[in-house]
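Coordinates in review
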Amino acid sequence: MNNKTRANCPLTLLVLALFILTGTGCVSIPGEPDPNDPWEPFNRSMYDFNDGIDKDIIAPIANAYLKIPDGGRKAIHNFFVNLGTPTTIINQFLQGKFELGIEDSMRFIFNTTFGLLGFIDFVGPTGLVRHEEDFGQTFAVWGIPSGNFLTLPVLGPQTVRSAVGWPLDFVTKPLFWIETGGEFVFVAGLNIVDTRARLAPAIRLRDETAFDPYIFTREAFLQQRLNLIYDGNPPIQDLEDLDLLEEEQLLEEEKAEENSQ
Amino acid sequence: MMESGSISHRRRTRYSPRRVIWRKMRFTTTMLLQTLMAGLLCLCTVLPSAAQNPDAIATVDNLHAALLDIMRNADSLGFAGRRDQIAPVIKESLDLPFIARFTLGRYWKDLSAEQQDTFVDVFSRWTVVHYASRFDGYSSEQFKTISSAPARRGRELVRTVLEVNDDPADDVSLDYLLHDTDGKWRVVNVIANGVSDLSLKRADYGALVGAQGLDSLIAKLEGQISDLEVGH
């Protein structure tokens, strides 16, 4: 097993990122700092760094990758979804979702065998919905607070909680245990390109509508994480937009004050 | 799952030989639990639910029907045709003045009445052209209405799903928050896969207005409208 390749790949990027950031210094921040994002200066630096990598390297490859016919891309995506299933299963059991854990264990076994290493979603036509769990979600279910929003080099938007869970997610994926460095780099690279290609419509939407892409990404990420923690079915209260309700409350109080004067 | 305009708690069901094989091989406990759940869900679809709000659902279904129409006829309508066709539906279905006001958050009350009117007008035009731009083709997408439930302050949350292809994993959940304005239910927020459109805009617009003022936001919105108009 080539542990050196495995361990050094993200580490090299991290060191490179820190080196570059030390050299480039501060990044201008529009407007007032957000009290809910105390690490905003650091996060924006990381965001810019990641955006540069995306624009210069990943996006062009992903655009070329999108020229592969749908069926081919679908098979590759199925493979990576299947590869991530053990992480999901472990976390389902850790969260007490035993029925789903059994269901996804069966899915993994059938897709890996009859589905030819997962390239074919053999179980998909049964109508069973895929699930997505990770250690960050498990920590949330256990009641551990999310911590501040954090943008990491290459990994992108995180919370402290999800960032702590990421190494555990990584080592529970079969990809981590692939023996040779060359295979690891190829499969990991393809995984990144597949993810980027799947995100292309959302990134296009962000680029077309957002005036501050960092804020858009941060808000969308935090809300989507909450959605994942609730398995896509958050309580109605969380969908009602608490900020909106609070603001309406303030308006009503202001009006009441004016009327009383 | 029923067609758009009807209510169902059930997910889409598909039949194939592999499904039969799969079901035979599943653990007994899983099957029992799923049978129980399926029974309960079927019961839910049979029993009338007092919580459903047909008027709120009708608003969302009408919007979806209009969107599907411009999607299906995207090429023949062209951008201008889609914009002109969807504009009255958007203005009828969405409470644009309310949404515009809350996208600006605490900055709204600092504006003059004239500035507020200007912003509502620009924001409304921006919303229409973005719908016309985004819904620019059709490849068998379907909107399915799942349920509606009361929310706080007399609002209603209508939960729907956009099926983009045959894979349920790719479905996009679209939840609409509506309120009653003079007897008409209108949308005040759209939540896609848990991400609130209103919340995103408030954060984005608030930062820009706080740093550069309302005029800058209006200029940027006008710029995006022009880009989309010219780009099509």
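In this report, we go over the structure that sits alongside the text. (Residues numbered from 1 in each chain as written. Chains lettered and ligands numbered in written order. Predicted model: local features only at pLDDT ≥ 70, side-chain atom pairs only at ≥ 80, totals over all residues.)

1. Focus: the sheet that holds strand S4 (residues 184–192) of chain B
All names here are of chain B. What the five strands build is an open sheet, ordered S1-S2-S3-S4-S5; its pairing is antiparallel. A strand with exactly one partner marks an edge of an open sheet, and here the two such strands are strand S1 (142–150) and strand S5 (195–196). Both S1 and strand S2 (residues 156–163) contribute to a ladder of eight bridges, which runs antiparallel. Bridged to threonine 145 within S2 is threonine 160. (Pairing = 2+ DSSP bridges. Helix = DSSP H or I, 4+ residues; strand = E, 2+ residues; numbered from the N terminus.)

2. Some details on the packing of helix H6 (residues 113–134) of chain B against helix H8 (residues 214–231) of chain B
Residue and element names in this part refer to chain B. Contact geometry of H6 with H8 gives a least axis separation of 10 Å together with a crossing angle of 30°. With respect to their mutual orientation, H6 and H8 come out roughly parallel. Read as a crossing pair, H6 and H8 show a hand that is left-handed. Residues Gln115, Thr118, Phe119, Val122, Phe123, Arg125, Trp126, Val129 and Ser133 of H6 pack against Leu214, Ile218, Leu221, Glu222, Gln224, Ile225, Leu228 and Glu229 of H8. Of the residues contributing to the contact of H6 with H8, the split by class is 10 nonpolar, four polar and three charged. (Axes fitted to C-alpha atoms, helices over the stretch in contact; angles between N-to-C directions. Parallel < 35°, antiparallel > 145°, perpendicular 65-115°, else oblique. Left-handed = near helix turned anticlockwise from the far one by under 90°. Contact = placed C-beta atoms within 7 Å. Nonpolar A, V, L, I, M, F, W, Y, C, P; charged D, E, K, R; others polar.)

3. Things to note about the environment of phenylalanine 135 of chain B
In this fold, phenylalanine 135 of chain B is placed in the loop between H6 and S1. In the structure, phenylalanine 135 of chain B is positioned 79 residues away from leucine 214 of chain B in sequence and 29 Å away in space, judged by C-alpha atoms.

4. Digging into unusual backbone geometry
Positive phi, normally seen in glycine, also occurs at leucine 117 of chain A, with a value near 65°. As for its position among the elements, leucine 117 of chain A is in the loop between helix H4 (98–113) and helix H5 (135–141). With phi around 60°, arginine 153 of chain B is a residue other than glycine that occupies positive phi space. Checked against the element boundaries, arginine 153 of chain B lands in the loop between S1 and S2.

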